[in-house]
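A look at the structure
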Amino acid sequence: EKRGFPNYMLKEIHEQPQALRALIGDCLIKDEGDVLLEGLGLDDEALRSFDRLCLVACGSSWHAALIGKYLIEEQCRIPVDVEIASEFRYRNPIISETTLVIPISQSGETADTLAALREVKGRNRRVVSICNVIDSSIARESDGIIHTHAGLEIGVASTKAFTNQVVALYLLAIRLGRATGTISRNRGLEMIADLTELPDLVEKTLKLDFNAEEIACEHLTACDAIYLGRGICYPVALEGALKLKEISYVHADGYPAGEMKHGPIALIDRDMLVFVLAPRDRHLAKVRSNMEEVVTRGGRVIALCSEGDEETGKKAEFTLSIPWAGETLSPLLFNVALQLLAYNFAILKGKDVDQPRNLAKSVTVE
Ligand code: F6R
């Protein structure tokens, strides 16, 4: 069942290219720069009637939602709220008729996300879910669905399901932007072209020789780690930190790099491991100066940079070169590298990556 892999987590990490191909499959309408999302159950006119999206989720799915906010607001110029389901459901949330609510869940059974969905449905509001299990409660009770097609995910830590959630949001952005006119045919064609290359680039990222094992070995005694990113890489920093803490039990937090000065920088010393996400996007100069600040204070930096950028990581202890997939999709490749790093830490520490202590794959009780 594990097809030669030592555990499900590594198998599922390596299944990402095929999971992506399954999702993208034949939903691309290449000549139109558009996508077909039949399960949505919303035509162009219905899509145009919304002036706000509200994404609701827990854990990694919440991180996917945060990435979705960056990408949908940028491409579609529509405000996107991102809510943690356990907070949203108890807040008597304000949801107007023109808000489209989108629960995101791998399992489709997460108690808080399901309760949030029921709360919204109870008020006669429209709900379209992004879900990996087609016959789950969340999928069944929604008005429409984008099925993430990641296949069965057994490892407790979300890997391929997370990647496909982000791409489902990318597909939704294209559809919404084409329906409302904020994405032109040409822009749609470009977005689809970038997306079409993504599975191969994930494959390439998986094959890179990252020294992941050496990095983990070198820092095996580290008790704390910080992940820094800006823009769309901020939620990737959160996801990287969650992956490390849940499978290797190393305390880790993600921060927007610009928040360092407002507190977390006090933590920096020789014992602090700092992962810096530094793709060659519009934020690079700022991220580089954040990295300098960490190095100056003795922090041990592991820099993730874009392929071809020889400068940024010069002062880091280790530099990983990540392929370029455009500003919007590159973060997914950075995330794949962070999955491999977290995996290697956990394995070298002798942890059970498929069944981390105290965690369940599907959180069906609060
Ligand atoms: C982390 C992880 C969890 C889930 C969360 C939501 O790796 O897997 O944080 O993302 O429990 O689960 P779903 O997506 O099934 O609603």
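What comes next concerns the included structure. Note that the structure is a prediction, hence the values are computed from the model and not measured.

A look at the sheet that holds strand β6 (residues 128-131)
Read across the open sheet, the five strands follow the order β4-β3-β5-β6-β7; overall the sheet is parallel. Each of the sheet's edge strands pairs with one partner strand only, and the pair in question is β4 (80-84) and β7 (144-147). Taking the axes of each pair of neighbouring strands and ignoring which way they run, one obtains an average angle of 20 degrees across the sheet. In terms of strand pairing, β6 meets β7 through four bridges, oriented parallel. Bridge pairing in β7 places Val128 opposite Gly144. Running at roughly 170 degrees to β4, helix α4 (residues 59-76) makes contact with β3 (52-57), β4 and β5 (99-105) of the sheet. Against the sheet, helix α6 (residues 111-122) makes contact with β3 and β5, and its axis sits at roughly 160 degrees relative to β5, the strand it touches most.

Examining the sheet that holds strand β9 (residues 251-256)
As summarised here, the arrangement of the five strands in space is β9-β8-β10-β11-β12, forming an open sheet in which the pairing is parallel. Each edge of the open sheet carries a strand with a single partner, namely β9 and β12 (318-322). Going across the sheet, the axis of each strand differs from the next one's by a mean of 20 degrees, ignoring polarity. Here strand β8 (residues 224-229) runs beside β9; their pairing, made up of six bridges, is parallel. Each bridged residue has a counterpart across the sheet, and for Ile226 the counterpart in β9 is Asp253. Its contacts with the sheet put helix α12 (residues 284-296) on β8, β10 (272-278) and β11 (300-306), and the angle it makes with β10 is roughly 165 degrees. Along the sheet, helix α13 (residues 326-348) contacts β8, β10, β11 and β12; its crossing angle with β10, the most-contacted strand, is approximately 160 degrees.

Describing the pattern of salt bridges
Scanning all chains against the criterion turns up 29 salt bridges. Between Arg118 and Glu141 there is a salt bridge, with the nearest N and O atoms lying 2.7 Å from each other. One end of the pair, Arg118, is in helix α6; the other, Glu141, is in helix α7 (residues 137-141), and 23 residues separate them in sequence. We classify Glu141 as partly exposed; its relative accessible area is 26%. Note that Asp143 and Lys121 form a salt bridge whose closest N and O atoms lie 2.6 Å from each other. One end of the pair, Asp143, is in the loop between α7 and β7; the other, Lys121, is in helix α6, with 22 residues separating them in the sequence. With relative accessibility at 31%, the residue Lys121 sits in the partly exposed group. A cluster of three or more residues bridged by salt bridges with shared partners is formed by Arg3, Lys11, Glu15 and Lys160.

Overview of the site of the ligand
Around the ligand, the structure places 14 residues, and the nearest of them are Ser61, Ser105, Gln106, Thr110 and Glu246. Ser107 is positioned with one of its side-chain polar atoms (N or O) 2.7 Å from an oxygen atom of the ligand. Between the ligand and the protein, one listed contact pairs an oxygen atom with a side-chain N or O atom of Lys243 at 2.8 Å. At the level of secondary structure, the elements contributing two or more residues to the shell around the ligand comprise α4 and α11 (233-248). The residue inventory of the shell around the ligand, partitioned by class, reads four nonpolar, eight polar and two charged.

Some remarks on the packing of aromatic side chains
Enumeration over the complete set of coordinates arrives at one aromatic pair. Ring centres of Tyr227 and Phe275 lie 4.4 Å apart, and the angle between their planes is 20 degrees; this geometry places the pair in the stacked category. With Tyr227 in strand β8 and Phe275 in strand β10, this pair connects stretches of sequence that are 48 residues apart. Just as Tyr227 is buried, Phe275 falls in that class too. Residue placement shows Arg280 over the ring face of Trp324; its charged tip is 4.4 Å from the ring centre. A cation over a ring is seen here: Arg357 above Tyr249, with NZ or CZ 3.9 Å from the ring centre.

How each quantity is defined
Residue positions are given per chain, counting from 1 as you read along its sequence in written order. In keeping with the predicted nature of the model, local features appear solely for residues at pLDDT of at least 70, side-chain atom pairs appear and are counted solely at 80 or more, and the whole-chain, interface and lining totals rest on all residues. Heavy atoms from the whole structure form the basis of all side-chain values; hydrogens and water molecules are not counted. Here a strand pair is declared whenever DSSP counts at least two bridges between the two strands. Only DSSP runs of H or I with at least four residues qualify as helices, and only runs of E with at least two residues qualify as strands; both kinds are numbered from the N terminus onward. The angle between two axes is taken between their N-to-C directions and runs from 0 to 180 degrees, where each axis is a line fitted to C-alpha atoms and a helix contributes only its stretch in contact. Any two residues having at least one pair of non-hydrogen atoms within 4.5 Å are treated as being in contact. The term salt bridge refers to a side-chain nitrogen of Lys or Arg lying within 4 Å of a carboxyl oxygen of Asp or Glu. Accessibility here uses a 1.4 Å probe with only protein chains present; expressed as a share of the type maximum, an area under 20% marks a residue as buried, one over 50% as exposed, and anything in between as partly exposed. Near, as used in this document, describes a residue that has one of its heavy atoms within 4 Å of the molecule or strand being considered. Two N or O atoms form a polar contact when they lie within 3.5 Å of each other; inside protein one atom must be a possible hydrogen donor and the other a possible acceptor, and for residues adjacent in sequence the pair counts only when both atoms belong to side chains. Throughout, the ten residues Ala, Val, Leu, Ile, Met, Phe, Trp, Tyr, Cys and Pro are labelled nonpolar, Asp, Glu, Lys and Arg are labelled charged, and all others, Gly among them, are labelled polar. A pair of Phe, Tyr and Trp rings is counted when the ring centres sit within 6.5 Å of each other, with Trp represented by its six-membered ring. The angle between the planes then sorts it: under 30 degrees is stacked, over 60 is edge-to-face, the rest tilted. Both a distance and an angle decide whether a charge sits over a ring: NZ of Lys or CZ of Arg must be within 6 Å of the ring centre and within 35 degrees of the ring normal.

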